[in-house]
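Listed here are the chains, written in short residue letters.
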Amino acid sequence: ELGIVLISVWGVSLFYEFVLAERHFEKFHSNLEELIRRGESNAAACEGLGILEIFRTWSDYVDKHSWRAEQNALGMGDSIRIIGRSLLFSMYAWETLRAWVERGAILQICQVDPSLRELPLVYLARYSPQETELAVQQFISNVRPWLLSSKPKGTVEVRFHNVQLLDSLVEIRREKSHQVVWDLNFGRGNEVRKVFFLDGDGLLGHNLTADRYDLLWERSAIKF
């Protein structure tokens with residue numbers, strides 16, 4: 001009787017665990033398969049568009065692709081184009097930009113015309129015209145005198161545009177690479193900025209540069 005009880009309990013337990021495990025494994029396998037399929041689909045879409053990386057905040061992007069860390073990455077004949085609203089952050093990063101210009105890089109910056117007022121950007125993107133004015137003053141008081149006195153190997157060009165930009169773009173061209181940083185800004189502060197790091201020759205990078213920002217640059221007013 002003891003043997004029958006042990007065998008019965010062990011057999012029922014084994015059968016139950018086998019059936020239960022198989023059922024849970026099938027569910028797990030199905031979920032895993034769906035996750036992999038979705039991941040492969042997203043990865044394929046990103047690859048097709050030329051999206052190299054996506055960052056949830058501007059700080060996350062800077063942690064991995066700091067301009068200061070790449071201070072010696074640009075040289076003679078390379079170019080960096082920055083198009084946005086106030087471009088105040090570029091004035092804060094002027095020491096790095098200056099190093100690139102000293103090495104012979106071409107710096108092109110384009111921002112909203114500071115004379116424009118009552119822009120929808122004020123409530124759509126928390127834009128402040130005073131930020132643009134501050135960036136201009138920083139350029140006039142610090143950058144322009146240095147350029148005129150030092151006469152570096154590189155060049156600097158400043159333009160004003162009048163487009164209601166909700167995003168901004170940094171385009172870096174080297175001899176063997178073309179990179180684009182597309183910054184979607186949803187308010188003030190770095191934590192509300194979503195950043196796409198792109199292959200400039202990829203589909204999305206080409207759309208942004210050739211089909212949008214190149215046109216904006218060409219139609220902007222030269223100021224310096």
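Preceding this paragraph is the structure being described.
Quick notes on the rules
Residues numbered from 1 in each chain as written. Predicted model: local features only at pLDDT ≥ 70, side-chain atom pairs only at ≥ 80, totals over all residues. Heavy atoms only, no water. Buried < 20%, exposed > 50% of the residue type's maximum accessible area, 1.4 Å probe, protein only. Helix = DSSP H or I, 4+ residues; strand = E, 2+ residues; numbered from the N terminus. Pairing = 2+ DSSP bridges. Core = buried A, V, L, I, M, F, W, Y, C linked by side-chain atoms within 4.5 Å.

Here we take up the pairing of strand β7 (residues 193–199). With 5 of 7 residues buried, β7 lies mostly within the body of the structure. With 4 bridges joining them, strand β1 (residues 51–55) and β7 adopt antiparallel strand pairing. Each residue of the ladder has a partner; that of E53, found in β7, is F197. Inspection of the sheet shows strand β6 (residues 178–185) paired to β7 by 7 bridges, in the antiparallel sense. Within the sheet, the bridge partner assigned to N185 lies in β7 and is R193.

Attention now moves to the nonpolar core. Grouped together as the largest cluster of nonpolar side chains are 32 residues, with contacts concentrated most on Y61, W67, I80, I82, L97 and L107. Considering every element that reaches this core, the biggest residue donor is helix α6 (residues 129–150), with 6 residues. One finds I51, V180, L204 and W217 within the second-largest nonpolar core, a separate group that totals 15 residues.

Let us look at the sheet that holds strand β5 (residues 167–173). Pairing is mixed across the open sheet formed by 8 strands, whose spatial order is β1-β7-β6-β5-β2-β3-β4-β8. The sheet is open, and its two borders are formed by β1 and β8 (221–222), each paired with just one other strand. For strand β3 (residues 106–112) and strand β4 (residues 155–161), the ladder comprises 7 bridges, and the chain directions are parallel. Its bridge partner lying in β4, L107 is registered against V156.

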